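Here are the chains, one letter per residue:
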Amino acid sequence: MSQLNQTELQNLRHLIGAHDTAYQKLQAYAQQATDPEIKKFFEDGAQGAMKTKQQLLGFLS
């Protein structure tokens, strides 16, 4: 893989942070949800955010 320039690295860090924030929020929403369908909706969203974050972290190695 080629080297990332400063702008690309900065954008990647921003995206990773945004997905981490989304994960944290969706997890919190899932914990507060009482309806099973809504709880699953938030848990699935959190899982997707974490998966994307992990994929983005792969660009740093």
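Attention in this report is confined to the structure presented alongside it. (Residues numbered from 1 in each chain as written. Predicted model: local features only at pLDDT ≥ 70, side-chain atom pairs only at ≥ 80, totals over all residues. Heavy atoms only, no water.)

## Here we look at the overall build of the protein chain
Item 1. For the protein chain, the count of helices and strands is 2 helices and 0 strands.
Item 2. Against the globule reference of 10 Å for 61 residues, the protein chain gives a C-alpha radius of gyration of 14 Å, more extended than a compact globule.
Item 3. Each principal axis of the C-alpha distribution contributes one length, and for the protein chain these read about 45 × 15 × 10 Å.
Item 4. Per-residue burial over the protein chain gives 18% buried out of 61 residues.
Item 5. About 4,800 Å² of surface is accessible on the protein chain, with carbon and sulfur atoms providing 53% of the total.
Item 6. Side-chain charges in the protein chain split into 6 positive and 6 negative, and the spacing between the mean points of these groups amounts to 7 Å. (Helix = DSSP H or I, 4+ residues; strand = E, 2+ residues; numbered from the N terminus. Rg over C-alpha atoms; globule rule 2.2 N^0.38 Å. Buried < 20%, exposed > 50% of the residue type's maximum accessible area, 1.4 Å probe, protein only. Areas by Shrake-Rupley, 256 points an atom, 1.4 Å probe, with all protein chains shown as cover. Lys, Arg positive; Asp, Glu negative; His and termini not counted. Charge placed at Lys NZ, Arg CZ, Asp CG, Glu CD.)

## Description of the packing of aromatic side chains
Item 1. This model, assessed by the stated rule, comprises 2 aromatic pairs.
Item 2. Ring centres of F41 and F42 lie 5.6 Å apart, and the angle between their planes is 65 degrees; on these two criteria the pair is classed as edge-to-face.
Item 3. Taking relative accessible area as the criterion, F41 reaches 59% and is therefore assigned exposed.
Item 4. These aromatic residues form a ring-pair network of at least three members: Y29, F41 and F42. (Phe/Tyr/Trp six-rings, centres within 6.5 Å; stacked < 30°, edge-to-face > 60°.)

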